[in-house]
Amino acid sequence: MNLDKIEKLVKIIENSSMLDFSIQEGDVKIKMSRRGSVGAPAAPMSVSTQGVDTVESIDSEDESYITSPIVGTFYSAPSPDAKAFVKVGDRVKAGQTVCILEAMKLMNEIESDYDCEIEAVLASNEQKVEYGQPLFKVKKIED
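Per chain, residue numbering runs from 1 following the sequence as it is written. With pLDDT at 70 or above as the cut-off, local features in this predicted model cover only qualifying residues; side-chain atom pairs require 80 or more to be listed or tallied, and sums for whole chains, interfaces and linings still use all residues. Values reported for side chains reflect all heavy atoms of the structure, with hydrogen atoms and water molecules removed beforehand.

### What to know about the side chain of glutamine 127
Our working definition: Runs of H or I in DSSP of at least four residues are treated as helices and runs of E of at least two as strands, each being numbered from the N terminus. Polar contact is defined as a pair of N or O atoms within 3.5 Å, subject to the rule that within protein one atom must be able to donate a hydrogen and the other to accept it, and that residues adjacent in sequence are counted only when both atoms are side-chain atoms.
Checked against the element boundaries, glutamine 127 lands in the loop between strand E9 (116-121) and strand E10 (128-129). Of the polar contacts made by the side chain of glutamine 127, one reaches the backbone nitrogen of serine 124; its length is 2.8 Å.

Given below as structure tokens:
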């Protein structure tokens, strides 16, 4: 299952009234769940995959991602009561912090490598992430 298929599944689920969804293709199993209730503003979905050995190329001419440079725990904000570093629709400058990844009790600020607009947040707060895992889908901004 490739990243395009996963993104399409997420969009379908976000636009539906389903709260939970799972699918298995070969040895890859994907579970999605929406927090909150139907009719409420769309809450972030958590997506987990199992059995994935490789990360496909994640930059193409029309799609770009900010990926995890390390294995760790994803935090969208500097503290539990603070607002998120970025949200969908935000424009980010190169060098701007987009999240924190905790690894071995060290907090690592993850910065954007280029000017971009956040199109999707692909990780949930306090989610364990792997090296190379896409954290944000972005659209590069060309000057």
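Once the structure has been displayed, the description carries forward.
### Focus on the sheet that holds strand E7 (residues 97-103)
The following threshold applies: At least two bridges found by DSSP between two strands are what make those strands a pair.
Ordered by their spatial adjacency, four strands build an open sheet running E8-E7-E5-E10, and the pairing between neighbours is antiparallel. Edge strands, defined here as strands with exactly one partner in the open sheet, are strand E8 (106-111) and E10. Here two bridges tie strand E5 (residues 72-75) to E10, and the two strands are oriented antiparallel to one another. Each bridged residue has a counterpart across the sheet, and for glycine 72 the counterpart in E10 is valine 129.

### What about the packing of aromatic side chains?
Applicable threshold: A pair of aromatic rings is counted whenever rings of Phe, Tyr or Trp (Trp by its six-membered ring) have centres within 6.5 Å, and the orientation is called stacked for planes under 30 degrees apart, edge-to-face for over 60 and tilted otherwise. Type-normalised accessible area, obtained with a 1.4 Å probe on protein chains alone, sets the label of each residue: buried when under 20%, exposed when over 50%, and partly exposed for intermediate values. When the NZ atom of lysine or the CZ atom of arginine is within 6 Å of a ring's centre and also within 35 degrees of its normal, the charge is said to sit over that ring.
Inspection of every chain in the model, using the stated rule, returns one aromatic pair. Between the aromatic rings of phenylalanine 74 and phenylalanine 136, the centroid separation amounts to 5.9 Å while the plane-to-plane angle is 55 degrees, which identifies the pairing as tilted. With phenylalanine 74 in strand E5 and phenylalanine 136 in strand E11 (residues 134-140), this residue pair connects regions lying 62 residues apart in the sequence. Given the relative accessible area of 1%, phenylalanine 74 is considered buried. Accessibility expressed as a relative area gives 1% for phenylalanine 136, which makes it buried. When the ring centre of tyrosine 114 is taken as reference, the NZ or CZ atom of lysine 140 above it lies at 4.6 Å.

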